[in-house]
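Inside the fold
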Amino acid sequence: MSEPLAERLRPRTLDQYIGQRHLVGEGAVLRQMIESGRIPSFILWGPPGVGKTTLAQIIAHKLEVPFHTLSAVTSGVKDVRDVIERAQKERFFNQPSPILFIDEIHRFSKSQQDSLLGAVEKGTVTLIGATTENPSFEVIRPLLSRCQLYVLKPLEKDDLLQLLDRALKEDIYLRERKIELKDTGAILRYSGGDARKLLNILELVVEATPAAEPVIITDELVEERLQQNPLAYDKDGEMHYDIISAFIKSIRGSDPDAALYWMARMIEGGEDPQFIARRLVISAAEDIGLANPNALLLANAAFDAVMKIGWPEGRIPLAEAAVYLATSPKSNSAYLGIDTALSVVRETGNLPVPLPLRNAPTKLMKDLGYHDGYKYAHDYPGNFVNQQYMPDKLTSQRLWHAQHSPSEEKLYQQMLRCWGKRYED
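Residues numbered from 1 in each chain as written. Predicted model: local features only at pLDDT ≥ 70, side-chain atom pairs only at ≥ 80, totals over all residues. Heavy atoms only, no water.

Turning our attention to the side chain of Thr 209. The topology assignment puts Thr 209 in the loop between helix H11 (195–207) and strand E7 (215–217). Only 3.2 Å separates the side chain of Thr 209 from the backbone oxygen of Val 205, close enough to count as a polar contact. When residues no more than four places from it in sequence are discounted, the contact partners of Thr 209 are Arg 177, Pro 214, Val 215 and Arg 225. (Helix = DSSP H or I, 4+ residues; strand = E, 2+ residues; numbered from the N terminus. Polar contact = N/O pair within 3.5 Å; in protein donor to acceptor, adjacent residues only side chain to side chain. Contact = heavy atoms within 4.5 Å.)

For helix H18 (residues 333–348), with 16 residues, the first-to-last C-alpha span of 22 Å sits near the 22 Å given by 1.5 Å per residue. Inspection of H18 places Ser 333, Gly 337, Ala 341 and Val 344 among the buried residues, and these make up the whole buried set. The buried residues of H18 occupy one face: seen down the axis, they fall within an arc of 70°. Its buried side turned inward, H18 meets helix H20 (406–419). Among the residues trailing H18, Gly 349 stands out with phi positive, at a value near 75°. (Expected span 1.5 Å × (residues − 1). Buried < 20%, exposed > 50% of the residue type's maximum accessible area, 1.4 Å probe, protein only. Arc of directions from axis to C-beta.)

Take the packing of helix H5 (residues 77–90) against helix H6 (residues 110–122) next. In contact at an axis separation of 9 Å, H5 and H6 are set at 15° when each is read in the N-to-C sense. Between H5 and H6, the angle is such that the two are roughly parallel. Handedness of the H5/H6 crossing: right-handed. Contacts from Val 77, Val 80 and Ile 84 in H5 reach Ser 111, Gln 112, Ser 115, Leu 116 and Ala 119 in H6. For the contact of H5 with H6, the residue count by class is five nonpolar, three polar and no charged. (Axes fitted to C-alpha atoms, helices over the stretch in contact; angles between N-to-C directions. Parallel < 35°, antiparallel > 145°, perpendicular 65-115°, else oblique. Left-handed = near helix turned anticlockwise from the far one by under 90°. Nonpolar A, V, L, I, M, F, W, Y, C, P; charged D, E, K, R; others polar.)

This part is about the nonpolar core. With 25 residues, the main nonpolar core has Ile 187, Leu 198, Leu 202, Val 205 and Val 222 as its most contacted residues. Looking at this core, the elements with two or more residues in it are helix H9 (157–170), helix H10 (185–191), H11, E7 and helix H12 (219–228). Beyond its immediate chain neighbours, meaning those up to four positions away, Ile 187 contacts Leu 164, Leu 198, Ile 201, Leu 202 and Val 222. (Core = buried A, V, L, I, M, F, W, Y, C linked by side-chain atoms within 4.5 Å.)

As structure tokens, this is what we get:
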């Protein structure tokens, strides 16, 4: 049995495909395009093991077009040009373009991505990129503007249970074993919404049981097998998501020792230093916030330093930032404030801007009252004047609530001086 279970169970059609119903369910946007026989270039963004590669292969099979695969880890500009040249020879009049699937497209350099632009724009190839990273950070703007972006989600509990059932009933090897799925809690928890990880765990548990014995899968058995071989169920997935979660939570919990430990685990595991640096910037804004605004400056400086000096020296500014963030006072008031504001906007829709706040570049706008009555704050004592800035229906709405850390307390007292009772919590 040389082929892994995850590969043996790889879906061949959309009907076999599990999850991502918002994209490929009945009537969903991507399914409609696939069934029409015409698809644009697009990028699939989502965590490992949610079906990005599988979906690309299903599309190529459905459209009956040549399918070329490149890995951003091992391919260079020459490989890209060679594939484009082959695709030009394969394309026939009025037929869908050959598909070029690029795994981990976020690892492509700017020059590699530039080499794709002409072929994508002319339709020589239909590009399908797969990435676990936010494309707005890693994919050049000209290429991103020529591609649709579809977000894939971690598989839900029902999706994973469906996959387990399919594996036990349809896999040629597992059907020969006497397997009882007594508990599912541990196997679902360790899989983390990753189909590949789920099947790797299942295969590990089954193979660790002698062939002549029945396999009774319990939470205890799964935990025991994974403790004996903790990385057998997808090291990359664990390193990329479980450990970064521990790293961020250690910073949020003000434990610099734990933050350095989890950072060291990521470094030893070969994690991309830019990935670590970006998470530090996010943490500085989300968890430290207004309690210490310098944290965001330092995190950005660490990001810049890593980009300039590279590895292994880049570990030093990353460690400096991690310790600084972990030992800083914490506030998530800005994070909560913007989320509250977004919720209010979604509930209330496009409320009109008050007339005094509107711009009035034309005579007609002035005649309609735009900008009329606006008070310029700098003309008043303390550079403040009490006037309405929110829409009429939200004049009493509070969005930002100070959390009274030493730094944020100064901001809160300033708001009390300006607005009085409005800011009395």
